[in-house]
Amino acid sequence: MDEGLKSELQKQGVFTTTLEEVYNWGRKNSVWPLQFGLACCAIEMIATSMARYDLARFGAEVFRPSPRQADLMIVAGTVTKKMAPQVVRLYNQMPEPKYVIAMGACAISGGPFKQGYNVLKGIDRYIPVDVHIPGCPPRPEALLHAFMTLQQKISDQELTGVNRPRHLNAELPSEFPVPAFGEHDLEPPNNPAVWQAPALTRA
Amino acid sequence: METLEQIKSRIEAAVADVKLEIIPNDSPSAQRSLLVDREHGLAVAKFLRDDAALHLDYCSNATGVDWPAAELTEKFKVKKVVDGVEKEVEEVKKTLRPAYLEAVYHLYSMEKKHGPVIIRLRTENRADKNHLPSLTPVWRSCDLQEREIFDLFGIVFDGHPDLRRILMWDGFKDFPMRKDYVAPDDYEYEPTPHDEVLARAKAHQATEVKS
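Residues numbered from 1 in each chain as written. Chains lettered and ligands numbered in written order. Predicted model: local features only at pLDDT ≥ 70, side-chain atom pairs only at ≥ 80, totals over all residues.

Enquirer: So what's going on with the overall build of chain B? Which residues, and what values?
Expert: In terms of regular secondary structure, chain B is built from 4 helices and 10 strands. Starting at the N terminus, the α and β elements of chain B follow one another as α-β-β-α-β-β-β-β-β-β-α-β-α-β. Its C-alpha atoms give chain B a radius of gyration of 23 Å, clearly above 17 Å, the size a compact globule of 211 residues would have. Overall, chain B is about 75 × 70 × 35 Å in size when its C-alpha atoms are taken along their principal axes. Taking contacts inside chain B between residues at least 6 apart in sequence as the whole, the part at least 24 apart equals 56%. (Helix = DSSP H or I, 4+ residues; strand = E, 2+ residues; numbered from the N terminus. Rg over C-alpha atoms; globule rule 2.2 N^0.38 Å. Contact = placed C-beta atoms within 7 Å.)

Right, here's the structure in full:
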């Protein structure tokens, strides 16, 4: 609907909306995160959910201990190669629609442990990530900003058409292959359907 | 506490046929350690724990060291008579150090409030003869740390109650803390490579755009 006409009607006391808007408004204001943390970023995540930063203002204070009840996975901390299959499995167990925030340097790229033998170089190698937050660890404000970014992303989703989100498109997968423990590394080392090395431009 | 020399001579008196060696330390801490032979490792550990004067009842740290084979060069000055004149000539002595793995234990006494006494155990080589006696039966605090050494260095501790990998998964074949460990080749995305990472990332850089 035309925005100008909408605001003109509102001045006349007529409130108009669309199903898509109401649906997304409801979804974006009750995103329940999965209650799990992997390292020090989890402490910042906990701080965000408590009184001082108060994630409850965004309708996300209900951290669910079961993936079946969660909408959002906050990957807060270092994902070791030994833990990565479990993280992917938890993601697979979440019902659609589901979203992922990769919080902190380790979760987005491996961080200071990138060249180590035991840390995954970013959880986005196995599951699709909606919002990346840099920082070591990111401050609670950064997590709140990521949360607002995610809310914006949810409210922008079109429910019909070719750009409709994954949970409304039966052809797109909702589960992703869980990597196996190999003899030298995880197998496969990344999921090419989700992640491909970005093209770098060197000066 | 007694000096390391005194401890050494007392162990030699108590444990028959034991071979001990004091390893010097050139660093500022000058913390010397006692090299114990494999066969008598457990007996020496029991002596150190049960001896009334030492009573080292606590092992605070057990760790591994990897020593690959290396050629050591030593320079020293020798006085020689060259053409009838006595001169100081520098000579280089080269020795081959065989490869071995080492387990290092830091021992303290909670009761006597002294320590540390540091003991080392060496394996015969880095490949097949990589067995050492486990000191977990003597100090329970070695349990997880010996598992970690087993996991990351590949030293097999005979007599350990539960020897399996602790940080890496069971099917993992490598020993990541050994100096010849090569990490899997997942260097396809390195925005700021340098040194060794740069060398390994270059193989993947063919696809990159140069501006």
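Further notes follow.
Enquirer: Lay out unusual backbone geometry in plain terms, naming residues and giving numbers.
Expert: For the bond running from E96 of chain A to P97 of chain A, omega is -5°, close enough to zero to count as cis. Positive phi outside glycine occurs at D17 of chain B, with the angle close to 60°. Tracing the chain through its elements places D17 of chain B in the loop between α1 (4–14) and β1 (20–23). Positioned with a positive phi, K113 of chain B is a non-glycine residue whose angle comes to about 55°. Among the structural elements, K113 of chain B can be located in the loop between β6 (100–109) and β7 (114–122).

Enquirer: Summarise the sheet that holds strand β2 (residues 33–36) of chain B; cite the residues concerned and give the values.
Expert: Residues and elements named next belong to chain B. Spatial ordering of the open sheet is given by β1-β2-β7-β6-β3, a layout of 5 strands whose pairing is mixed. Edge positions in the sheet fall to β1 and β3 (58–67), since each has one partner strand and no second. In this sheet, adjacent strand axes meet at a mean angle of 25° when their direction is disregarded. Sheet analysis places β6 next to β7, joined by 7 bridges and oriented antiparallel. Residue pairing in the sheet places V104 in a bridge with R120 of β7. Taken strand by strand, α1 contacts β1, β2 and β7, and its axis lies near 170° from that of β1. Here helix α3 (residues 142–153) sits on the sheet and contacts β3 and β6; the angle it forms with β3, its principal contact strand, is near 10°. (Pairing = 2+ DSSP bridges. Axes fitted to C-alpha atoms, helices over the stretch in contact; angles between N-to-C directions.)

Enquirer: Break down the packing of helix α3 (residues 41–49) of chain A against helix α6 (residues 140–155) of chain A for me, citing the residues and quoting the values.
Expert: Residues and elements named next belong to chain A. At their nearest, the axes of α3 and α6 sit 9 Å apart, and the two run at 75° to each other. One way to sum up the angle between α3 and α6 is to call them roughly perpendicular. Within the contact between the two elements, α3 uses E44, M45, A47 and T48 and α6 uses P140, L143 and L144. For the contact of α3 with α6, the class distribution of residues is 5 nonpolar, 1 polar and 1 charged. (Parallel < 35°, antiparallel > 145°, perpendicular 65-115°, else oblique. Nonpolar A, V, L, I, M, F, W, Y, C, P; charged D, E, K, R; others polar.)

Enquirer: Tell me about the interface of chain B and chain A, and please be specific about residues and values.
Expert: Between chain B and chain A, the contact holds 20 residues from the first and 17 residues from the second. Here the residues of the side of chain B that touches chain A sort into 12 nonpolar, 2 polar and 6 charged.

Enquirer: Give me the lowdown on the sheet that holds strand β1 (residues 72–76) of chain A, citing residues and values where you can.
Expert: All names here are of chain A. An order of β1-β2-β3 is seen for the 3 strands of this open sheet, with the pairing classed as parallel. The open sheet has two edge strands with one neighbour each: β1 and β3 (131–133). Ignoring strand direction, the axes of neighbouring strands in this sheet form an average angle of 15°. Judged from the 5 bridges that link them, β1 and strand β2 (residues 99–103) form a sheet pairing that is parallel. Bridged to I74 within β2 is I101. Relative to β1, α3 is tilted by about 130°, and along the sheet it contacts β1 and β2.

Enquirer: Residues and numbers for the nonpolar core, please.
Expert: Residue and element names in this part refer to chain A. By size, the foremost hydrophobic cluster in this structure holds 43 residues, and its most contacted members are V75, I101, A102, M103, A107 and I123. Every element with two or more residues in this core is listed here: α3, β1, α4 (84–93), β2, α5 (104–109), β3 and α6. Among residues more than four places away in sequence, those in contact with A107 are C41, V75, A76, G77, V79, A102 and I123. (Core = buried A, V, L, I, M, F, W, Y, C linked by C-beta atoms within 7 Å. Buried ≥ 20, exposed ≤ 12 C-beta atoms within 10 Å, placed from the backbone.)

Enquirer: Got a sec to walk through the environment of V44 of chain B? Specific residues and values, please.
Expert: Residue and element names in this part refer to chain B. Of note, V44 is situated in helix α2 (residues 41–50). By the C-beta count within 10 Å, which is 23 here, V44 ends up buried. Counting along the chain gives 21 residues from V44 to I23, while the straight-line C-alpha distance between them is 16 Å.

Enquirer: Give me the lowdown on α2 of chain B, citing residues and values where you can.
Expert: Residue and element names in this part refer to chain B. Among all positions of α2, only G41, V44, A45, F47 and L48 are buried. Angularly, the buried residues of α2 cover 160° about the axis, an arc narrow enough to put them on a single face. At its buried positions, α2 is contacted by α1, β2, β6, β7 and β8 (131–133). (Arc of directions from axis to C-beta.)

All we've got here are geometric facts, nothing functional implied.
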